[in-house]
Amino acid sequence: MKPQERREGQMEREQAIQINDQLVIAHEAMKKARIAIAELGKQERLELDGPLYDLLLELEWQVMLPLYEQFRDLMKLELHEELPPPTSELKWSDVRLPRGATEAALDDVIMSALTSRWQKVAMIIGVAMADCEKLKLPIAPEMIGARLRFLSHADRIEGVGDLRRWGHSEVRLKDEPISALRRG
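Residues numbered from 1 in each chain as written. Predicted model: local features only at pLDDT ≥ 70, side-chain atom pairs only at ≥ 80, totals over all residues. Heavy atoms only, no water.

Caption draft 1: View of the packing of helix α3 (residues 103-113) against helix α5 (residues 141-153). Two elements in contact, α3 and α5, have axes whose closest approach is 11 Å; the angle formed by their N-to-C orientations is 85°. The pairing of α3 with α5 is recorded here as roughly perpendicular in orientation. Across from E103, L106, D107, I110 and M111 in α3, the residues of α5 making contact are I144, R147, L148 and L151. By residue class, the composition of the contact of α3 with α5 is 6 nonpolar, no polar and 3 charged. (Axes fitted to C-alpha atoms, helices over the stretch in contact; angles between N-to-C directions. Helix = DSSP H or I, 4+ residues; strand = E, 2+ residues; numbered from the N terminus. Parallel < 35°, antiparallel > 145°, perpendicular 65-115°, else oblique. Contact = heavy atoms within 4.5 Å. Nonpolar A, V, L, I, M, F, W, Y, C, P; charged D, E, K, R; others polar.)

Below is the structure:
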């Protein structure tokens, strides 16, 4: 199509390339900001990460995707898919532990699976399930997921994301203040 034949309001390829270049820079900057936010304290993470993640999804789905539908060859990034429904809605208050299982035993299993680095909830549940089987604790994965959410809300561990979505959230041991580390 010659420039004079272009329909009014239709974007030219050169314009699309310029816009895409800036969108990719903004997209990468938001992803880096989310990584930095993950290192903050729990309250700051809760305040900052959710809105930033929503903004990232809006950028992808409301701006980048329409651009890529018109100029498919510009799409270099893999856009987030819509989040799946929660893996488990079970709340800790609804859990009834089987005979022989205690909260303390389950907490020991969970805490031994956690480290100081962020790990997917799904990974922790898998490790904890294997440990429960070794200890002959008849615990379901949904119970471990509910306990992880409880421990995070009780501020005994750190969590980011919606912990009901096991593949889209992460947990780690709670950071100890430097003063506590010196004493111990």
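Caption draft 2: Here's a closer look at the pairing of strand β3 (residues 170-173). In terms of strand pairing, strand β1 (residues 119-120) meets β3 through 2 bridges, oriented antiparallel. Paired with K120 across the bridge in β3 is E170. Inspection of the sheet shows strand β2 (residues 157-160) paired to β3 by 4 bridges, in the antiparallel sense. Bridged to I157 within β3 is L173. (Pairing = 2+ DSSP bridges.)

Caption draft 3: Examining the sheet that holds β3 more closely. Taken together, 3 strands build an open sheet; the order of strands is β1-β3-β2 and the sheet is antiparallel. A strand with exactly one partner marks an edge of an open sheet, and here the two such strands are β1 and β2. Packed on one face of the sheet, α5 meets β2 and β3 and runs near 105° to β2.

Caption draft 4: Structural context of the layout of surface pockets. Its volume calculated, the second largest pocket comes out at about 220 Å³. In terms of lining residues, the second largest pocket is bounded by 13 residues, among which L46, G159, V160, G161 and D162 are the most central. Looking at which element gives the most residues to the lining of the second largest pocket, the answer is helix α2 (residues 42-70), with 5 residues. A class-by-class count of the residues in the lining of the second largest pocket yields 3 nonpolar, 5 polar and 5 charged. (1 Å grid on protein atoms, 1.4 Å probe; cavity = no way out; pocket = protein on both sides within 12 Å on 5 of 7 lines; lining within 4 Å. Points joined across faces, edges and corners; volume = space filled by probe spheres on them.)

Caption draft 5: Summary view of the nonpolar core. Counting residues in each nonpolar core, the largest one holds 25 residues, and the members touching the most others are I139, I144, L148 and V171. The dominant element in this core, judged by the number of residues it contributes, is helix α4 (residues 121-134), at 6 residues. Not counting the four nearest positions on each side in its chain, I139 is found in contact with L97, P98, A101, L106, M129, C132 and I144. (Core = buried A, V, L, I, M, F, W, Y, C linked by side-chain atoms within 4.5 Å. Buried < 20%, exposed > 50% of the residue type's maximum accessible area, 1.4 Å probe, protein only.)

Caption draft 6: Geometry of helix α1 (residues 13-37). Across its 25 residues, α1 extends 36 Å between first and last C-alpha, which sits within 8% of the 36 Å expected from 1.5 Å per residue. Inspection of α1 places A16, N20, L23, H27, M30 and I37 among the buried residues, and these make up the whole buried set. (Expected span 1.5 Å × (residues − 1).)

Caption draft 7: Structural context of the side chain of R45. If you trace the backbone, R45 turns up in helix α2. According to the relative accessible area criterion, R45 is buried, its value standing at 3%. A distance of 2.8 Å separates polar atoms of two side chains, one belonging to R45 and the other to E158. Residues contacting R45, with those up to four places away along its chain left out, are I37, A38, L40, G50, W118, E158, G159 and V160. (Polar contact = N/O pair within 3.5 Å; in protein donor to acceptor, adjacent residues only side chain to side chain.)

Caption draft 8: Local environment of the packing of α4 against α5. Contact pair α4 / α5: the axes reach a minimum separation of 9 Å and the direction vectors enclose 125°. Regarding the angle of α4 to α5, the classification is oblique. Here the hand of the crossing between α4 and α5 comes out right-handed. Across the interface between the two elements, V121, I124, I125, A128, M129 and C132 from α4 touch P141, I144, G145 and L148 from α5. Of the residues in the contact of α4 with α5, the class split is 9 nonpolar, 1 polar and no charged. (Left-handed = near helix turned anticlockwise from the far one by under 90°.)

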